[in-house]
Amino acid sequence: MIDLYSVPTTNGQRVHVMLEETGLSYTPHFVDLHGGKHLEADFIAKNPFGRVPAIVDRDGPKGADVTLFEGHAILYYLAEKSGQFYPDDLAVRAEIHTWMSAISANIGPAFSALFWFGKIAPEHSQMTIDRYIAEAHRGLRALDTHLDGRDYMVGDSYTIADIHAYPVAATSTASLDGGIDDYPSLKRWRDSIAERDAVKRGMALFTD
Ligand SMILES: N[C@@H](CCC(=O)N[C@@H](CS)C(=O)NCC(=O)O)C(=O)O
């Protein structure tokens, strides 16, 4: 059994989808960020950064608990544990690593910064907001260019790279004027991934 600690944001959704896709058994726990639950000692013991998502696998290797945070690290672990969505081919894996890193290191932080400077920060700096709008579009443009003529992010099958990228297309784009409409290949790919039953279940977690 895996304990999942999360919220229904882009960062959480990719882990929700992954758990649904693998069929691994898990118990979801909503973390009340507004109430500060992520900063309390029992959550800090799971992720010292005090951020969701995090998981605790009660059936880790050799029967020990495995506690993990950072969405992409969780996806790699669940892929290895379940033997799914992570083809055993060095070139394919290397390309998966590249896209997982690019999304985690570039696209995710651009949207996070845009959320902070655009919606939360008390001081309004249009220059800062414009910078992160441009960075967010840069990431979407890269995904759109890459997905031109492709059904999947990497190779010819559905992998953790698709699961990692999907909430960017499905959720993050809604925060930009124009949404996803300027990115036809990204939109086509998003619409096809959205058809998967496990994706529908994962995206619905914590929403009612
Ligand atoms: N790099 C992390 C980002 C996680 C993250 O920023 N989570 C947000 C919720 S979407 C959070 O916990 N925010 C609370 C805080 O930063 O205090 C990941 O990919 O898992």
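Visitor: Teacher, can you tell me more about the site of the ligand here?
Guide: Lining the immediate surroundings of the ligand are Thr9, Asn11, Leu33, His38, Arg51, Val52, Pro53, Glu70 and Gly71. A distance of 2.7 Å is found between a nitrogen atom of the ligand and a side-chain nitrogen or oxygen belonging to Glu70. Within the backbone of Gly71, a nitrogen or oxygen atom sits 3.0 Å from an oxygen atom of the ligand. Taken by itself the ligand offers 510 Å² of open surface, and the protein chains cover 72% of this. Applying the majority rule of atoms within 2 Å of the grid points places the ligand in the largest pocket. Class assignment for the residues of the shell around the ligand results in 3 nonpolar, 4 polar and 2 charged.

Visitor: Can you help me understand the nonpolar core in this one?
Guide: Most often, soluble globular proteins keep nonpolar side chains buried together rather than apart. Ranked by size, the top nonpolar core spans 50 residues in total, and within it Ile55, Ile96, Met153, Ile160, Leu186 and Trp189 carry the most contacts. Per element, the largest residue contribution to this core is 8 residues, and it comes from helix H4 (residues 90-120). Inspection of this core shows a minimum of three residues originating in each of domain 1 (2-84) and domain 2 (90-198). Counting residues in each nonpolar core, the second largest holds 7 residues, with Val7, Val52, Ala54 and Val56 among its members.

How each quantity is defined
- Residues numbered from 1 in each chain as written.
- Predicted model: local features only at pLDDT ≥ 70, side-chain atom pairs only at ≥ 80, totals over all residues.
- Heavy atoms only, no water.
- Near = heavy atom within 4 Å.
- Polar contact = N/O pair within 3.5 Å; in protein donor to acceptor, adjacent residues only side chain to side chain.
- Areas by Shrake-Rupley, 256 points an atom, 1.4 Å probe, with all protein chains shown as cover.
- 1 Å grid on protein atoms, 1.4 Å probe; cavity = no way out; pocket = protein on both sides within 12 Å on 5 of 7 lines; lining within 4 Å.
- Sits in = over half its atoms within 2 Å of the grid points.
- Nonpolar A, V, L, I, M, F, W, Y, C, P; charged D, E, K, R; others polar.
- Core = buried A, V, L, I, M, F, W, Y, C linked by side-chain atoms within 4.5 Å.
- Buried < 20%, exposed > 50% of the residue type's maximum accessible area, 1.4 Å probe, protein only.
- Helix = DSSP H or I, 4+ residues; strand = E, 2+ residues; numbered from the N terminus.
- Domains from an automatic or database assignment.

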